[in-house]
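# Notes for the structure review
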Amino acid sequence: MNEKATTVVKKRILISKEYKTICDFIDQFEGLAIDCEIALLQKFPSIESLTLKAILQVQVTTHIKALRWRHESRTLKYNKCSSNSKDSDILLKIAREHRVGPVTLCRYILKFKYEMKNKAEIAHLLKYPQLIEDQQLSANIIQCMCSDNQDGPLVDLKRRILGEEYEFKLKDLATKAGMHFHDENELRRLGYDKTPDLKMILPFLFRGEVINWIESKAGFGDIKSHRYYTQQQYQSYCNRFGPGIVIYWMGYQEETATLPDNDDGIIVLDDFPRLEDLELLDLSKTMQHLDNVNRYKHFRLLLW
């Protein structure tokens, strides 16, 4: 007798207490972010892995920005430690000890050692570490990039691909649902500056609410991030196009969906709307109706 395997649905929408517990765990973790990621997956097995990774990304980025001045002031000390060692992973050891991102540490070292003020020059050496004349430093930087899951050229590429993947997923689901829309590229060609991922040619109803646009976010929608995006993007979409939907594919903090900031017409979801919640306008029937109206007007004109 075959038994059907039960699919365990993991959480993506978190209450504030759950979200805070995860953030506290990340902040108190001693070690690299790549090790913290493994620990997170073990500590919170009931929560979606992509959700945990997205929260980790936000927390690490916030931590790096907050302590940037401290680590920059210690660059001389970091450089001396690395210069006095022959280990190919000395920078990784320093990063782990002082809780600084490995690639971030590499930037400080390159900037100090080669007196680089241009960020593009530093980024070029991080992308092509084989060009660094100091072979030990080159080996250390390669080791750091392979051990940093939050920063660096490889991570930037991964995030860009992930964002494009979810934008493609959104367009594919919208097309299959029968929606008619302009994508971001089409809107820019039409002259719009700030553009959502999808602008509906024909609005549709979601649970009785009129929807004019959909925005895709391949990240976690915590309250702080959502408020920032509302100020920078969503508010202008509402002012220009009317109400719309934001999809945080990695989930969101439960309270994010009920913030007063959303009152102007922002609906927060963690997935594409279910078909049973949608009511679409039939374009063929609409065109037929308009055609009949035009024929009637023409007939009245002839009689007159």
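Attention here is on the structure that accompanies the text. (Residues numbered from 1 in each chain as written. Predicted model: local features only at pLDDT ≥ 70, side-chain atom pairs only at ≥ 80, totals over all residues. Heavy atoms only, no water.)

## Side note on helix α9 (residues 135–146)
What counts here: To qualify as a helix, a DSSP run of H or I must reach at least 4 residues; to qualify as a strand, a run of E must reach at least 2; elements of each kind are numbered from the N terminus. Multiplying one less than the number of residues by 1.5 Å gives the expected span of a helix. Working definition: with a 1.4 Å probe on protein chains only, accessible area under 20% of the residue-type maximum means buried, over 50% means exposed, and in between means partly exposed. Think of the arc as the fan of directions from the helix axis to the C-beta atoms. Here, residues are in contact when the closest pair of their heavy atoms is within 4.5 Å. The term polar contact refers here to a pair of N or O atoms within 3.5 Å; inside protein, the definition further demands a hydrogen-donor-capable atom paired with an acceptor-capable atom, and it admits residues adjacent in sequence only when both atoms are side-chain atoms.
Between the first and last C-alpha of α9 there are 17 Å, a value that for 12 residues agrees with the 16 Å anticipated at 1.5 Å per step. Within α9, the full set of buried residues consists of L137, S138, N140, I141, C144 and M145. Angular distribution of buried residues about the axis of α9 spans 165°; they occupy a single face of the element. Exposed and facing more than 90 degrees away from the buried side of α9 are Q135 and C146. Along its buried surface, α9 packs onto α6 (90–98), α7 (102–113), α8 (119–127) and α10 (153–176). The distance from a side-chain oxygen at the start of α9 to the backbone nitrogen of Q136 is 3.1 Å, and the residue carrying that oxygen is D134.

## Concerning the side chain of Q150
Here Q150 is to be found in the loop between α9 and α10. Side chain to side chain, Q150 and N149 meet in a polar contact 3.5 Å long. When neighbours within four sequence positions are excluded, Q150 is seen to be in contact with A33, L56, Q57, V60, V155 and R159.

## Quick notes on the environment of D89
Of note, D89 is situated in the loop between α5 (75–83) and α6. Not counting the four nearest positions on each side in its chain, D89 is found in contact with N140 and Q143.

## What about the packing of aromatic side chains?
Note the following rule: Working definition: rings of Phe, Tyr and Trp (its six-membered ring) pair if their centres are within 6.5 Å, and the pair is stacked with planes under 30 degrees apart, edge-to-face with planes over 60 apart, and tilted otherwise.
All chains considered together, the criterion is met by 9 aromatic pairs. For the pair Y229 and Y234, a centre-to-centre distance of 6.1 Å together with 40° between the ring planes defines the contact as tilted. Residue Y229 is classed as partly exposed on the basis of its relative accessible area, which comes to 28%. Put simply, the rings of W213, Y228, Y229, Y234 and Y237 pair up and form one aromatic cluster.

## Some words on the pattern of salt bridges
Applicable threshold: Whenever a carboxyl oxygen of Asp or Glu lies within 4 Å of a side-chain nitrogen of Lys or Arg, that contact is scored as a salt bridge.
Tallying each qualifying case throughout the model produces 18 salt bridges. We note a salt bridge from D193 to R240, for which the minimum N-O separation is 3.1 Å. Of this pair, D193 sits in the loop between α11 (184–189) and β3 (198–206) while R240 is found in helix α12 (residues 223–241), placing the two residues 47 residues apart along the sequence. Between D277 and R207 there is a salt bridge, and its shortest N-O distance comes to 3.4 Å. In this pair, D277 is assigned in the loop between β7 (266–269) and β8 (278–279) and R207 in the loop between β3 and β4 (209–217), connecting sequence segments 70 residues apart. Taken together, the shared-partner salt bridges connect R207, R274, E276 and D277 into one network.

## As for empty space enclosed by the protein
Rolled over the atoms, a probe sized like a water molecule indicates the empty space that remains. Our working rule: The method works on a 1 Å grid over the protein atoms by themselves. A cavity is a set of points holding a 1.4 Å probe that cannot get out, a pocket is an open set with protein on both sides within 12 Å along at least five of seven lines, and residues with an atom within 4 Å of a point line them. Grid points are joined across faces, edges and corners, and a volume is the space filled by probe spheres set on the points. Gly is placed with the polar residues, together with every amino acid not listed as nonpolar (Ala, Val, Leu, Ile, Met, Phe, Trp, Tyr, Cys and Pro) or charged (Asp, Glu, Lys and Arg).
As enumerated under the stated definition, the model contains 1 cavity of 30 Å³ or more in all. Put simply, the largest cavity is a space of about 50 Å³. What lines the largest cavity is simply G178, M179, H180, M200, L202, P203, F204, L280 and L281. Per-class residue counts for the lining of the largest cavity are 7 nonpolar, 2 polar and no charged.

## Considerations on unusual backbone geometry
One non-glycine residue with positive phi stands out, namely E115, at about 50°. Looking at where E115 falls in the secondary structure, it is placed in the loop between α7 and α8. Located in the positive-phi region is R207, a residue other than glycine, with phi close to 50°. Since its relative accessible area comes to 56%, R207 is described here as exposed.

## Considerations on the packing of α7 against α8
The condition that has to hold: Every axis in this analysis is a line fitted to C-alpha atoms, fitted for helices over the stretch in contact. Angles between the N-to-C directions lie between 0 and 180 degrees. Each angle is binned into one of four classes, with values under 35 degrees roughly parallel, values over 145 roughly antiparallel, values of 65 to 115 roughly perpendicular, and all other values oblique. If you view the pair so one helix is near and one far, a crossing is left-handed when the near helix is turned anticlockwise from the far one by less than a right angle, and right-handed when it is turned clockwise.
Remark: α7 packs on α8, axes separated minimally by 10 Å, with the N-to-C direction vectors making an angle of 120°. Here α7 lies oblique to α8, going by the angle between them. The handedness of the crossing between α7 and α8 comes out as right-handed. On α8, the residues that touch V103, C106, R107, L110 and K111 of α7 are I122, L125 and L126. Partitioning the contact of α7 with α8 into residue classes produces 6 nonpolar, no polar and 2 charged.

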